[in-house]
Amino acid sequence: MSLYRKIHGPDGDPLSAPEREQFTLLRLDIQKRLAREMGSSRGVVRLTPAQEPELRERVLSHLAEAEVPAVDRDQLCEEIVSSIIGLGPLQALLDDQSVSEIMVNSSREVYVERRGRLERTAVRFADDREVLDMVDRIIAPLGRRLDEQSPMVDARLKDGSRLNAIIPPLALRGPTVTIRKFPARPLDVADLIDNQTLSQEMAIFLEDCVKSRISVVVSGGTASGKTTLLNVLSSFIPADERIITIEDAAELRLQQEHVVALETRPANLEGRGEVAIRQLVRNALRMRPDRIIIGEVRAGEALDMLQAMNTGHDGSLTTVHANGPREALSRIETMVLMAGVDLPLRAIREQIASAVQVIVQIARGKDGARRVMQIAEVQGLENDVIVLEAMFSFDQEAHVFRQSGFRPKNADRMSGSGWGTLRQDGSWQDRDRG
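The rules behind the values
Residues numbered from 1 in each chain as written. Predicted model: local features only at pLDDT ≥ 70, side-chain atom pairs only at ≥ 80, totals over all residues. Heavy atoms only, no water. Helix = DSSP H or I, 4+ residues; strand = E, 2+ residues; numbered from the N terminus. Buried < 20%, exposed > 50% of the residue type's maximum accessible area, 1.4 Å probe, protein only. Contact = heavy atoms within 4.5 Å. Areas by Shrake-Rupley, 256 points an atom, 1.4 Å probe, with all protein chains shown as cover. Pairing = 2+ DSSP bridges. Axes fitted to C-alpha atoms, helices over the stretch in contact; angles between N-to-C directions. Phe/Tyr/Trp six-rings, centres within 6.5 Å; stacked < 30°, edge-to-face > 60°. Expected span 1.5 Å × (residues − 1). Polar contact = N/O pair within 3.5 Å; in protein donor to acceptor, adjacent residues only side chain to side chain. Parallel < 35°, antiparallel > 145°, perpendicular 65-115°, else oblique. Left-handed = near helix turned anticlockwise from the far one by under 90°. Nonpolar A, V, L, I, M, F, W, Y, C, P; charged D, E, K, R; others polar.

Visitor: What is the right way to read the overall build of the protein chain from this model?
Guide: Assigned secondary structure in the protein chain consists of 14 helices and 17 strands. Burial analysis of the protein chain (434 residues in total) assigns 49% to the buried set. Of all intrachain contacts in the protein chain linking residues separated by at least 6 positions in sequence, the fraction that spans at least 24 positions is 55%. A total of about 20700 Å² of accessible surface is found on the protein chain, and carbon and sulfur atoms cover 47% of it.

Set out below in structure tokens:
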């Protein structure tokens, strides 16, 4: 088996410490030689993609001089070229379609997530400087920096993947990088049904909710699949509607043509120029939207979102971090209070109960699978308490999706729209599919 397969392949044998050190030293030695040849400082070669052919020839020549076996030569050449103009040791992991997340805990410790499970890889950086150089290649063209004064940064790679980096003194073990990848082809509702993320009945119900302009909030924990589900829900929006998306880091990949994508902006080097989600929500209301999709509400923008949903922008979508539908409502309530407005608690709950109509709770199980645990409908406000009714739920003991059989509060509205209808047994069906 080739050295490259041992390092990167999920089925490869783990590298021994001497093999790993041998590979790293070889890669660094060739990089330093190239830096000297090309007049670069600090052993770092700064090239554009247009110079790749010349670079590859030089690398292959150095590998031949180092008597690297032919079976490894082309693959090691790719690794070294990636170290110079790509993501270095991480490039192969980024190209691996089975990897959904890459986590660099330190220069000597790299983990990935495959099929919902964490795995430690044999990938190593030479030192902290190499990690920082990799991040710098990504963020420099974006006008961002990573140093002691700005020790945290978010960025987006060319393929849409999201990068977060944090360095000492905040990260005690050295530079830490997390890259969340996105599949080359966005998942659709059929994929979620095949993966048992939700049942076909759930999918039909949610599709009818979106098409009937029912406002939906997707709730879940970190890496539970909220954004993926939000993207699938957005695919149900009719093509003749104007959609405005608002995100911290653009992750949504809508298929409709009439989409305006807005993204927040961090402060510049002088600490000025920041544009937050709340400002974008307010601006979006002046852009004649039919639907507003907010990637995630975290603070005072929750109030603007509720007001938008209550003033003609129904059918909007967003996500929140919460462990259940009831907790999602409490989180929204808390975030509205963060807006700094002096509103009585009942007035806030009235706004929530009238704006939010369906909450979809998604979670990642111990087996790594992501599932919709519950779809709850907001029934209204009774005695200052928002009443919820579970429409669907996942039975963890029986490992099956169950339907409550309750008639949805919005059943007439959904049936009247022509999208769906309620069976006599209380189950939901799509009219076209019977």
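Visitor: Looking at this structure, how should I read the side chain of H313?
Guide: Within the secondary structure, H313 is located in the loop between α11 (301–309) and β11 (317–321). Non-local contacts of H313, meaning those with residues more than four positions away in its chain, are made with R213, L285, P289 and A308.

Visitor: Explain the pairing of strand β1 (residues 99–106) to me, please; I cannot follow it from the model alone.
Guide: Along any regular strand the residues' side chains alternate between the sheet's two faces. Counting buried positions over the 8 residues of β1 gives 6, a clear majority of the element. Direction of pairing for β1 relative to strand β2 (residues 109–114): antiparallel, over a ladder of 6 bridges. The residue bridging S106 from the neighbouring strand is E109, located in β2. Between the antiparallel neighbours β1 and β2 lie 2 residues. Pairing of β1 with strand β6 (residues 176–180) involves 4 bridges; the strand directions are antiparallel. Bridge assignment links I102 to a residue of β6, and that residue is I179.

Visitor: How do you make sense of the sheet that holds strand β15 (residues 400–403) when you look at a structure like this?
Guide: By way of backbone hydrogen bonds, the strands of a sheet pair with one another, either parallel or antiparallel. If you walk across this open sheet you meet the 9 strands as β9-β8-β10-β11-β7-β12-β13-β14-β15, and the pairing is mixed. Both edges of this open sheet fall to β9 (259–263) and β15, since each of them pairs with a single strand only. Along the sheet, successive strands turn relative to each other by an average axial angle of 25°, direction set aside. Across the sheet, helix α12 (residues 325–337) lies against β7 (216–220), β11, β12 (358–364), β13 (370–382) and β14 (385–395), angled at about 140° from β14, the strand it touches most.

Visitor: Even after reading the chapter, I still don't get the packing of aromatic side chains, so can you show me in this structure?
Guide: One pass over the structure, following the stated rule, counts 2 aromatic pairs. Arranged with centres 5.4 Å apart and planes meeting at 55°, the rings of F205 and F392 form a pair that is tilted. Taken together, the residues F205 in helix α8 (residues 200–211) and F392 in strand β14 connect sequence positions 187 residues apart. Judged by relative accessible area, F205 falls into the buried class, the value being 2%. With centroids separated by 5.0 Å and ring planes inclined at 55°, the aromatic side chains of F394 and F401 adopt a geometry described as tilted. By relative accessible area, F394 is classed as buried at 11%.

Visitor: What should I look at first to understand helix α6 (residues 128–139) in this one?
Guide: An ideal rise of 1.5 Å per residue puts 16 Å on 12 residues; α6 measures up with 17 Å between its terminal C-alpha atoms. Within the sequence span of α6, burial applies to E130, V131, D133, M134, V135, R137, I138 and I139. Capping the start of α6, D127 holds a side-chain oxygen 3.2 Å from the backbone nitrogen of R129, two or three residues further along.

Visitor: Honestly, the sheet that holds strand β3 (residues 117–120) in this entry has me stumped. Any pointers?
Guide: Taken in spatial order, the 6 strands make up an open sheet running β3-β2-β1-β6-β5-β4, and their pairing is antiparallel. The sheet is open, and its two borders are formed by β3 and β4 (152–156), each paired with just one other strand. Going from strand to strand, the sheet's axes swing by 15° on average, the running direction of each strand aside. The sheet contacts of α6 involve β4, β5 (162–166) and β6, and relative to β4 the element is tilted by about 55°.

Visitor: When you look at the packing of α11 against helix α13 (residues 345–355) in this model, what are you seeing that I'm missing?
Guide: Angle between the axes and distance between the axes are the two parameters that describe a pair of packed helices. Close contact between α11 and α13 brings their axes to 9 Å; oriented N to C, the two are set at 55°. Of the possible angle classes, the one that applies to α11 and α13 is oblique. Once α11 is placed against α13, the crossing between them reads as left-handed. Residue-level contacts link L306, Q307 and M309 of α11 to Q351, I352 and A355 of α13. Residue composition of the contact of α11 with α13, by class: 4 nonpolar, 2 polar and no charged.

Visitor: It is not clear to me how α13 should be interpreted in this structure. Could you clarify?
Guide: Those residues of α13 lying buried are I348, I352, A353 and A355. Buried residues along α13 sit in contact with α11, α12, β13 and β14.

Visitor: Mind showing me how you'd approach the environment of N195 here?
Guide: Looking at the secondary structure, you find N195 in the loop between α7 (189–194) and α8. Taking relative accessible area as the criterion, N195 reaches 47% and is therefore assigned partly exposed. C-alpha of N195 to C-alpha of R370: the two residues are 175 residues apart in sequence and 8.4 Å apart in space.

Visitor: Could you clarify how one ought to interpret unusual backbone geometry in this entry?
Guide: Residues other than glycine predominantly adopt negative phi, and peptide bonds predominantly adopt the trans conformation. The residue after P168, namely P169, is reached through a cis peptide bond having omega 10°. Looking at the secondary structure, you find P169 in the loop between β5 and β6. Of note, R213 is a non-glycine position whose phi angle comes to about 60°, a positive value. Tracing the chain through its elements places R213 in the loop between α8 and β7. Even without a glycine there, the phi angle at D384 is positive, about 65°. Mapped onto the elements of the fold, D384 is located in the loop between β13 and β14. Since its relative accessible area comes to 33%, D384 is described here as partly exposed.

Visitor: Help me understand the packing of α12 against α13 in this model?
Guide: Running from amino to carboxyl end, α12 crosses α13 at an angle of 120°, the nearest separation of the two axes being 10 Å. Overall, the two elements α12 and α13 adopt an arrangement that is oblique. In this structure, α12 crosses over α13, and the sense of that crossing is right-handed. Here L329, I332, E333, V336 and L337 of α12 come into contact with α13, specifically with L345, I348, R349 and I352. Of the residues belonging to the contact of α12 with α13, the class tally is 7 nonpolar, no polar and 2 charged.

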